[in-house]
Amino acid sequence: MTEDREVVRGTPVVPGIAYAPVIWPAPRPEVASGMPRIDGSLRDGEKVRFEEAANVVSQRLHDRASAVSDDAAGVLRANAAMAVDRGWMGAVHELITGGAPAEEGVVEATEQFVTLFTKMGGLMAERVTDLRDVRDRIVSELLGLPEPGIPTPVTPSILCARDLAPADTAGLDPEMIVGLVTALGGPTSHTAIIARQLGIPCVVAVPGLETVASGATVLLNGEAGELIVEPDPDEARSAVERGRTERMRIQAWKGPGRTSDGAAVPILANVQDGVGARSAGATAAEGVGLFRTELCFLDRDSEPGVDEQADIYSEVLEAFAGRKVVIRTLDAGSDKPLPFAYHADEANPALGVRGIRIAADNPGILSRQLDAIAVAGNRAQARPWVMAPMIATPAEAESFGRQVRARGLVPGVMVEVPSAALLADRILEHVDFLSIGTNDLAQYTMAADRMSSDLASLTDPWQPAVLTLVARTAEAGIAAEKPVGVCGEAAADPLLACVLIGLGVTSLSCAAASVSAVGAKIGTVSLDECRRAARDVLAASDSAQARDAALRSLG
Ligand code: PEP
Ligand code: MG
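Keep in mind that what you see is a predicted model, and the values were worked out from it rather than measured. (Residues numbered from 1 in each chain as written. Chains lettered and ligands numbered in written order. Predicted model: local features only at pLDDT ≥ 70, side-chain atom pairs only at ≥ 80, totals over all residues. Heavy atoms only, no water.)

(A) Spatial organisation of helix α20 (residues 515-522). When you tally the buried positions in α20, you get 8 out of 8 residues, the bulk of the element. Taken residue by residue, α20 has Val515, Ser516, Ala517, Val518, Gly519, Ala520, Lys521 and Ile522 as its buried positions. For α20, the elements touching its buried residues are α9 (233-252), β9 (267-271), α19 (494-503), β16 (507-511) and α22 (543-554). (Buried < 20%, exposed > 50% of the residue type's maximum accessible area, 1.4 Å probe, protein only. Helix = DSSP H or I, 4+ residues; strand = E, 2+ residues; numbered from the N terminus. Contact = heavy atoms within 4.5 Å.)

(B) Quick look at the sheet that holds strand β3 (residues 17-23). Spatial strand order, β1-β8-β7-β3-β4-β5-β6-β2: 8 strands in an open sheet with mixed pairing. In this open sheet, the two edge strands, each paired with only one partner strand, are β1 (7-9) and β2 (11-14). Across the sheet, the mean angle from the axis of one strand to that of its neighbour is 30°, orientation sign disregarded. Pairing of strand β4 (residues 157-161) with strand β5 (residues 177-182), which is carried by 5 bridges, proceeds in the parallel orientation. Note on β5: the bridge partner recorded for Ala161 is Thr182. Strand contacts of α9: β3 and β7 (217-221), with the helix running at about 125° to β3, the strand carrying the most contacts. (Pairing = 2+ DSSP bridges. Axes fitted to C-alpha atoms, helices over the stretch in contact; angles between N-to-C directions.)

(C) Layout of helix α18 (residues 464-480). For α18, spanning 17 residues, the distance from its first C-alpha to its last is 24 Å, which sits close to the expected 24 Å at 1.5 Å a residue. Within α18, the full set of buried residues consists of Pro464, Val466, Leu467, Leu469, Val470, Ala471, Thr473, Ala474, Ala476 and Gly477. Backbone geometry just downstream of α18 places Glu481 in the positive-phi region, at approximately 55°. (Expected span 1.5 Å × (residues − 1).)

(D) Layout of the sheet that holds strand β11 (residues 324-328). If you walk around this closed barrel you meet the 8 strands as β9-β10-β11-β12-β13-β14-β15-β16, and the pairing is parallel. Across this sheet, the average inter-strand angle for adjacent strands is 25°, counted without regard to direction. Note that strand β15 (residues 484-486) and β16 share 2 bridges and pair parallel. Paired with Gly485 across the bridge in β16 is Ser507. Of the strands in this sheet, β9 and β16 are in contact with α20, which crosses β9 at around 160°.

Encoded structure:
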């Protein structure tokens, strides 16, 4: 019985059970305002003190980078470089020359760069959290305080935090951090992505999390999205045992995706380059449901030529030779600006020229990419499926479909804008398949920025309004006898995956790390059970009710 125990609830992100003591990151340092000015004769010494602290922090980040996997090491090395960046150090020196103590110089120089990065937007704006993280590490070093951030536990622990910086999560050891819970963050937040990669049970957007003290023993249920403080130890241990059995079942799942009564639902992988495709190829993924091509070119100043593009696309086709591969054309703009694509200055980039819309201002960019995909397809003797992002009208779908068919490829479009879901039947007159991007569909349906931690409960794909649009799109697919998949983060949630199948979705595409969990879950439920759960979910008034309804019938 758990009713008389403290229970906090949030948005479930990664299923799984963990029972362990809580740790919180060490607090961030505070720099008191109005610190005394540094005397002119001591300013050079102050600069040396600052440089030493910056070097110590940079070296520590490098050391941590050499102890972790490639992706995580990249984040840590970038932060190590930031700590000794010449432009930023120059700004601190200038402030110390003006009399500021090193701590104050670090804080002020960081704010100058934060303003600059925020104005630049996109990926640069996302580096602001890293910049502030580096600032806090250097200030702590200057003040002689322990390094802020995550302690290294000696026994398995559940990490609770208000929010986590990429540098915090990059070095996490899944043997020691067995659960992640944050007060902020949404299903597509950085914390959620890392937790999914590491397979750590995770719950985000938990109001009242600060009441759970460091050292308290808690039972974390990543599927129900709840944290029980000081649970009955016997109940907790049997929950952990159930979780372990479930994990073994997931690890043993080898595909193909089908419900318990044999309805085929292919489980595909989302990839972003050849390396990712090769590691996804080692899972039970039956193909690639979303190849985000823009992510190959974020650091390129000029547009890669047709041959170079063809080489990159070939790598992915080869990793999945003989299997379905869905390539998405460049989704540039908004949070993913491409330096070589012209982007107008916009007040609301998420509502601006992004996705298929960049083709209008960048003559030839789409046709060159389609040529490259056709070359790669010929080389691999494959007929790739190709889809456009951010389609809003049947006319856009008609134009895209015509250009794709002219090259002998299979045309489709993403459904990420509510207008596309509402007119899915008319869009399907022009293309052969649809793929629903629930991340953007939730953002545009709920008028809530998908990057905002404060709005995570609105951008939750369990929102009945979002699922109603999914249902409408799937119905259009059934009527036209054309496939409708889901490739947003919703497809990585095993329980929601069952509901999507019940709504009529014909394939699911998710991060490679989630493929087995999704496949194993759908193998335990029948198509009729999925349909009944889908009906209950559509009748709910909010995301919590929707999830509870699905848990009752499919949990
Ligand atoms: C989506 O919007 O759900 C999607 C898959 O596209 P992205 O996350 O790349 O915007
Ligand atoms: Mg999208």
